[in-house]
Amino acid sequence: MSLLAVPGAAAARSVPEGYTDNVFAGKPEQLQNVCNYVLEKGFIPKELVAVEVNWFYGNLGIDDMYFQLESVETIAQHIMALYAAKLLAYIKNENVLDINLERETEDGAVYIHTSRPGVSDITGPAHERKIDAKYLDAISKSVAYRLESYRSTGTVSSSLSTQLRCYFVRRVNYVKADPTAAEEGDIKLVSDKSFLEKATPNTIEIYQKFIQQVLIRNGPVAEVYDVPNSREKRVVIGLRQRSTQTFFSALSDLYHFYDLYSTRKYVEQFSNGVTIISLYLNQLPNSKAPPIEVSVFQVVREASLVYCLPTTPLQSFFQTGKLSVQEAIYGHVGWIFAQHFLNRLGNEYSSLSTILDNSNVVHMEVLQKMKKRLRSDTFTREYILDIIKLYPDLIKLCYINFAMVHYINPAASKLKPSISYQRMQTTQVLTDEELLDKIKKTVSNNHEYMIFESYVTFNKHVLKTNFYQPTKVALSFRMDPTFLPSIEYPQKVFGMFFIIGSEFRGFHLRFADVARGGIRIVRSRNKEAYSINLRSLFDENYNLAATQQRKNKDIPEGGSKGTILLDIEQQDKMRVAFEKYVDAVLDLLIVGQSPGIKEKIVDMYGKNEILFFGPDEGTADFMDWASQHARTRGFPFWKAFTTGKSQSIGGIPHDTFGMTTRSVHQYVLGIFRKFGTKEEEVTKLQTGGPDGDLGSNEIKISKDKTIAIVDGSGVLYDPEGIHRDELERLATKRVMISNFDTSKLGPKGFRVLVDETNVKLPDGTVVESGLKFRNEFHLDPLSSATLFVPCGGRPEAVDLSNVHTLLNEDGTPRFKFIVEGANLFFTQEARLRLEKAGAIIYKDASANKGGVTSSSLEVLAALAFTDEEFKEHMQVHDGRETPRFYAEYIKNVHAFIEKNAELEFEAIWREYERNGGKKPRSVISDELSFAIINLHDELQTTTLWDNVPLRTIVLQEAFPKLLQEQVGIETLMKRVPESYVKAIFGSYLASRFVYKYGVNPSQFAFFEYMAPYFDKARN
């Protein structure tokens, strides 16, 4: 959450000057020394030296800080450079100068350049961009820089109107560089020493308040102050360090757009992680813009929009006034939307997909390859951007079409109409049909039309957005997903969120109103990997959520998934991106009630939504924060907002209690039981190492002979079986195989790490690249084993293009049994090919559901208890005895996971035998899932729920007995949201029925199944 005070709601405060003037006592003496130096060099005629030096010192109006920092030699060189520029301007008959002086050292920098007030020079030296990149954005705990910038009050000469702008960047020297939690709110301890010397008491008081606000919020805090005896306005903005990029320079573009210029600018750093910016703004003479009070109001209101996306590929249109900041950022959002959703497959693909046989593996392989090629080749993001840049006027029209729905006219409130609203009133507003017609008449070809048509599609399907919230940290859009083509996305998505921040883009998809799933961060090793991840992001999210939907069949929540793709230059910003993603989604879940901070937005959806987030790749350590942040934001279901939290705030960590592994291993044991196989005699390949949740617990719970483990650090292999005690040591410490004691490998064993090259294996084979060897080891014949349990790895690691490598020369599978712990490791087509060859596969949607079951019961406990009860029964604190309820509840969860896994395993096995082995288990697994989900949905529309005695009997079976004993069934039904209780009712009946009667029951089966319940209800 962030705070951004809006001027207009209240008058700007009047404050005395913010900083004491810089006064350099040694200036007269220095001036004489500079004169002597310039005379000695002889570049400027002797009779002009005094005139030039005196003008530089007295009439130009450069701040004394410059003279205090620079040496005699540097100042003299700058004076001579200025004189040379004047000569050049005279020769060219120009009345402006082009001066660019700079000096950089380890302790800071000085930049001086000619500057036109109120103008962003897109062809100039871009000093502010450089300052952002080199000093302000690159801040760290050990190195930080403060900035002072001044516009000269005079001109370079009596005949030229050119002014100079100076930037002084200095390394900070904190009073206390590493403050404690108790000290971080004290400005006297966390400030730079020179700031405390220069700042007035009033500024210190203002900054103290800003620090306190920034420390408890996520986004920018801003306020406007009047400068006494002038119309100048002082804008103060506070934010967390490293929470955005190029923000300082982007602010200049923002106020320039409104005909404002700055006389002074300051950037202060504090050792508690806070940055505060002060801008002293004036209006250009003879400006036609609204009064400065209104313009500054707009700057402050749009500061958080700039904070969300400081720079975009459309920045130049904003800098030159062709697009407003809203229009440019909207254009950027539309560009990203088009990258993911422009329909690239066409009618030919649709026709071909209906002709081909979807049960024929070869047909599906051809179709998949065509799909990937069409998506990557037809509309590249560069091509889309080039087209968008050709038609800025179309962006304006599309933006107005969007804004007329989602922008609330502030005239209806106490605020005056903003410049944005006034501008909207002067632009032609077109209906969707008129806009499409205008696009068709403007563009040159069908490709260009399709690109701008996607903007209209975007507009029509945004149900609500935080785009116009006064404060925000990233942009979020709740989308109506009906625009998704069914040919590509056959399973209907219930809800979709689209989120864009300065470090990332992301999605959240769910297949039911009540749904839950993990939030995954996608990182990229290089630009090529980023390009691949970007193209596949939405499809990966969709497939993960669809898998989750099938996996969640026997629990109340449907499937959902969130993905966060880090921009290629922001790979170290995982936490920043996650926090922004969560806060932006909460903007659309919580009704705003704070004018100027979080206001009500236009809601075309019109229903309350509850989202449940869980841990996934890269986010396990952030669940505690998300839960507590939701509580701070006032989200009523904060206790249940995230699962996988630490025990101290009521979570049930999957890794601590081996929840996911418990389900996966039940399938492994089920296979061994059916075949009469002893686990100790089975060889196994495992991807996902001892550092991960699933990998570490798989090692701890199993008793097999593991011959190979592949993890993030490399490959560990021993055909005689890897030393189990050493493996368990790594699993207990949760470290990678790079920490394995290689002296415990057999004579044929080896370890190859990803950063190694030209490694000779015991059989004489030379591995040229450890990274390539790791990525492809599961495809190498060396990995052959009786059992393969993927516990980690990228989605679609095995697909139709490489599945043949998992077969022996005689066509038999290299792995007899495969139990998928990792999500989407195999494509469905690859599974079918392997099953046809004789492999026994239990897919992810069946095997990997222990974690989701545990999380579901964690959510239920959070919804069932009051805050005080939750604290007493579900929170485990270090040094204190574990609550009795919590310890017993964990046992209940384990039993629930094992029972569900056993029921599904037996149902799939039974269905396979009933079909005589003709139908693959991978298909049966999906059919079971869909049968349960469809029956669950049908039950929501029947009158069974209205039968209160029946409802109570079913829920007495479905609710955990321990929870009923603690709270009572009636209290449970009152406290837990009705939508969630109905989901429990439906999922329990549907799953138990399908597990017992199969996917094609007789027409009397459900009556037979429900008869005992009706008998109990009547009695």
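Residues numbered from 1 in each chain as written. Predicted model: local features only at pLDDT ≥ 70, side-chain atom pairs only at ≥ 80, totals over all residues. Heavy atoms only, no water.

**Topic: unusual backbone geometry**
We note that Asn-286 has phi near 60°; this positive angle belongs to a residue other than glycine. Examined against the element boundaries, Asn-286 turns out to sit in the loop between strand E9 (274–283) and helix H10 (292–308). Given the relative accessible area of 78%, Asn-286 is considered exposed. One non-glycine residue, Asn-758, lies in positive phi territory at about 50°. On the secondary structure map, Asn-758 appears in strand E21 (residues 757–760). (Helix = DSSP H or I, 4+ residues; strand = E, 2+ residues; numbered from the N terminus. Buried < 20%, exposed > 50% of the residue type's maximum accessible area, 1.4 Å probe, protein only.)

**Describing the sheet that holds strand E19 (residues 714–717)**
Ordered in space as E20-E19-E18-E17-E23-E24-E25, the seven strands form an open sheet in which the pairing is mixed. Every other strand in the sheet has two partners, leaving strand E20 (750–753) and strand E25 (840–842) as the edge strands with one partner each. The sheet shows a mean angle of 15° between the axes of neighbouring strands, direction not considered. Summarising the sheet, E19 and E20 pair through four bridges and their orientation is antiparallel. (Pairing = 2+ DSSP bridges. Axes fitted to C-alpha atoms, helices over the stretch in contact; angles between N-to-C directions.)

**A few points about the packing of helix H35 (residues 948–958) against helix H39 (residues 1005–1018)**
Where H35 contacts H39, the axes come no closer than 8 Å and their chain directions differ by 115°. Crossing angle aside, the handedness with which H35 passes H39 is right-handed. Together, Pro-949, Leu-950, Ile-953, Val-954 and Glu-957 of H35 and Met-1010, Tyr-1013, Phe-1014, Lys-1016 and Ala-1017 of H39 make up the contact between the two elements. Taken together, the residues of the contact of H35 with H39 sort by class into eight nonpolar, no polar and two charged. (Left-handed = near helix turned anticlockwise from the far one by under 90°. Contact = heavy atoms within 4.5 Å. Nonpolar A, V, L, I, M, F, W, Y, C, P; charged D, E, K, R; others polar.)

**Quick notes on the packing of helix H12 (residues 325–341) against helix H16 (residues 392–406)**
Any two packed helices are characterised by how steeply their axes cross, that is the angle between the axes, and by the distance between the axes. Here H12 crosses H16 at 95°, and the two axes come no closer than 9 Å. Between H12 and H16, the interaxial angle falls into the category roughly perpendicular. Across the interface between the two elements, Gln-326, Glu-327, Tyr-330 and Gly-331 from H12 touch Ile-395, Lys-396, Cys-398, Tyr-399 and Phe-402 from H16. Along the lines of polarity and charge, the residues of the contact of H12 with H16 split into five nonpolar, two polar and two charged. (Parallel < 35°, antiparallel > 145°, perpendicular 65-115°, else oblique.)

**A look at the pairing of E9**
Sheet faces and side chains relate simply in a regular strand, where the side chains alternate between the two faces. In terms of burial, E9 is largely enclosed, as nine of its 10 residues are buried. By the bridge criterion, eight bridges tie strand E7 (residues 233–240) to E9 in an arrangement that is antiparallel. Looking at E9, one finds that Leu-239 is bridged to Thr-275. Relative to E9, strand E8 (residues 260–269) runs antiparallel, the two sharing nine bridges. Its bridge partner being in E9, Gln-269 is matched across the sheet by Thr-275.

**Re the pairing of strand E23 (residues 785–790)**
Most of E23 sits inside the fold, with five of its six residues counted as buried. Two strands pair when backbone bridges link them, and strand E17 (residues 683–687) and E23 are joined in this way by four bridges, in the parallel orientation. Bridge pairing in E23 links Lys-684 to Leu-787. Looking at chain direction, E23 and strand E24 (residues 815–819) are connected through three bridges and run parallel. Each bridged residue has a counterpart across the sheet, and for Ala-785 the counterpart in E24 is Phe-815.

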